[in-house]
Amino acid sequence: MIDKNSHVPIYVQIQELLKQRILLGEYKVGENISSERELSEQLGVSRMTVRQSITNLVNTNLLYREKGRGTFVANPKREQSLHGLTSFTEDMKARGMKPSNKLIQFEKMIPSFDIAKDLQLEKREEVFYVVRIRYADEKPMAIERTFIPVKIFPELDEKKIMGSLYTLIETHRHQKIGNAIQEIEAAILSKEDSECLAMDDLTAGLIIKRTSFLIDGIPFELVRSIYRADRYKFISEINR
Ligand code: 16G
């Protein structure tokens, strides 16, 4: 299996072998792969070399390590295009997955100065503050904390928000969604957020802050979404 006379470095050969095992379903998503010791014995190579190959596969997100538990096959990441202003519900349905939500918090409040400024609100204008965990095929993908000016959707309530916010705005309020400004950054998740997303402590998340506007330029949401970095990646086409 491993050709020590080959010009292909041994660690690369091991990587290819492990990739092959994943591809053939010998190692399944979420499954613990053989330990470094087992692999080094099986392949007749040093543990150091095995470790290097595994580290490379962890770095390319094909595998992930859990402290004290071993090395597992990672879930392929969902891709989200950075083109087009789509909703979570639309994105998941487009991938043939079933979206669902868990409502963690729903309240009416006076926002902080910064939030009011982003949403172009007058002093003491109220917002709905909504915290939802968003699932795809029952797996937690993201936590979203959304501020929606009450004047945009006064009749919003805990029941209505269980569906898609964008559908509510477009079909129930008959308002057209126009554009959004989005910022993306990486961060280590708080303990609370990693628990909500069923992740270990100290794992990375992708934080997306989006301010979205109706077609007439009025802001209708300010959202801070935290996506699981191991399940999500964003792609964009760039032209020169
Ligand atoms: C997406 C948006 C979020 C929006 C939500 C509406 C990102 C980063 N964020 O998650 O801003 O509020 O979709 O989804 O894509 P919904 O219509 O399914 O409620």
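Residues numbered from 1 in each chain as written. Predicted model: local features only at pLDDT ≥ 70, side-chain atom pairs only at ≥ 80, totals over all residues. Heavy atoms only, no water.

## Brief notes about the sheet that holds strand β6 (residues 139–149)
Here is step 1: Pairing is antiparallel across the open sheet formed by 6 strands, whose spatial order is β4-β5-β6-β9-β8-β7. Each of the sheet's edge strands pairs with one partner strand only, and the pair in question is β4 (99–109) and β7 (177–188). Direction aside, the axes of adjacent strands within the sheet are offset by 15° on average.
Here is step 2: Relative to strand β8 (residues 204–214), β7 is paired through 11 bridges, and the arrangement is antiparallel. Each bridged residue has a counterpart across the sheet, and for A180 the counterpart in β8 is S212.
Here is step 3: Together, β5 (127–136), β6, β7, β8 and β9 (219–228) form the strand contacts of helix α6 (residues 165–172), whose direction differs from that of β9 by roughly 155°. (Pairing = 2+ DSSP bridges. Helix = DSSP H or I, 4+ residues; strand = E, 2+ residues; numbered from the N terminus. Axes fitted to C-alpha atoms, helices over the stretch in contact; angles between N-to-C directions. Contact = heavy atoms within 4.5 Å.)

## Describing the domain arrangement of the protein chain
Here is step 1: Here the domain parsing of the protein chain yields domain 1 (10–73) and domain 2 (78–235).
Here is step 2: Computed over C-alpha atoms, the centres of domain 1 and domain 2 are 36 Å apart. (Domains from an automatic or database assignment.)

## Section: the layout of surface pockets
Here is step 1: Quantified by volume, the largest pocket comes out at close to 750 Å³.
Here is step 2: Considering the residues around the largest pocket, the lining is formed by 27 residues, among which Y64, R65, M199, T203 and D230 are closest to the centre.
Here is step 3: Contributions of two or more residues to the lining of the largest pocket are made by α3 (47–59) and β1 (63–66).
Here is step 4: Broken down by class, the residue content of the lining of the largest pocket amounts to 12 nonpolar, 6 polar and 9 charged.
Here is step 5: The two domains that each donate at least three residues to the lining of the largest pocket are domain 1 (10–73) and domain 2 (78–235). (1 Å grid on protein atoms, 1.4 Å probe; cavity = no way out; pocket = protein on both sides within 12 Å on 5 of 7 lines; lining within 4 Å. Points joined across faces, edges and corners; volume = space filled by probe spheres on them. Nonpolar A, V, L, I, M, F, W, Y, C, P; charged D, E, K, R; others polar.)

## Some points on the packing of helix α1 (residues 10–23) against helix α2 (residues 36–43)
Here is step 1: For the pair α1 and α2, the least separation of the axes is 13 Å and the interaxial angle reads 110°. As far as their axial angle goes, α2 and α1 are roughly perpendicular. Contact residues: α1 offers I14, L17, L18 and R21, while α2 offers L39, Q42 and L43.
Here is step 2: Residues belonging to the contact of α1 with α2 are distributed by class as follows: 5 nonpolar, 1 polar and 1 charged. (Parallel < 35°, antiparallel > 145°, perpendicular 65-115°, else oblique.)

## A few points about the environment of R65
Here is step 1: Note that R65 resides in strand β1.
Here is step 2: The class of R65 is partly exposed, set by a relative accessible area of 38%.
Here is step 3: It is 42 Å that separates the C-alpha atoms of R65 and A116, two residues lying 51 residues apart in sequence.
Here is step 4: Looking at R65, its side chain comes within polar contact range of the side chain of T55, at 3.1 Å. (Buried < 20%, exposed > 50% of the residue type's maximum accessible area, 1.4 Å probe, protein only. Polar contact = N/O pair within 3.5 Å; in protein donor to acceptor, adjacent residues only side chain to side chain.)

## Describing the site of the ligand
Here is step 1: Close contacts around the ligand come from 16 residues, with T89, E144, S164, L165 and E221 the closest.
Here is step 2: A distance of 2.9 Å is found between an oxygen atom of the ligand and a backbone nitrogen or oxygen belonging to F88.
Here is step 3: At a separation of 3.0 Å, an oxygen atom of the ligand approaches a polar side-chain atom of R132.
Here is step 4: Within the complex, the protein chains bury 100% of what would otherwise be the 450 Å² of accessible surface of the ligand.
Here is step 5: Secondary structure elements with two or more residues in the shell around the ligand: α4 (88–94), β5, α6, β8 and β9.
Here is step 6: Per-element accounting of the shell around the ligand gives the leading share, 4 residues, to β9.
Here is step 7: Here the shell around the ligand is composed, by residue class, of 6 nonpolar, 5 polar and 5 charged. (Near = heavy atom within 4 Å. Areas by Shrake-Rupley, 256 points an atom, 1.4 Å probe, with all protein chains shown as cover.)

## Focus on the UniProt feature "domain: HTH gntR-type" (unreviewed entry) in the protein chain
Here is step 1: Taking the UniProt record as the reference, the feature "domain: HTH gntR-type" (unreviewed entry) is found at residues 8–76.
Here is step 2: Spanning residues 8–76, this segment combines 51% helix with 12% strand, and its end C-alpha atoms are found 27 Å apart. (UniProt positions renumbered as here; feature names shortened; annotations may be inferred.)

## Thoughts on empty space enclosed by the protein
Over the atoms, a rolled probe matching the size of one water molecule traces out where space is still vacant.
Here is step 1: Summed over the entire model, instances satisfying the criterion amount to 1 cavity of 30 Å³ or more.
Here is step 2: In this structure, the largest cavity occupies an estimated 230 Å³ of space.
Here is step 3: Along the walls of the largest cavity sit 21 residues, with T86, F88, E144, Y166 and R210 positioned nearest its centre.
Here is step 4: Secondary-structure elements contributing two or more residues to the lining of the largest cavity are α4, β5, β6, α6, β8 and β9.
Here is step 5: Among the elements that make up the lining of the largest cavity, the one with the highest residue count is β9 (4 residues).
Here is step 6: Grouping the amino acids of the lining of the largest cavity by side-chain chemistry returns 7 nonpolar, 8 polar and 6 charged.

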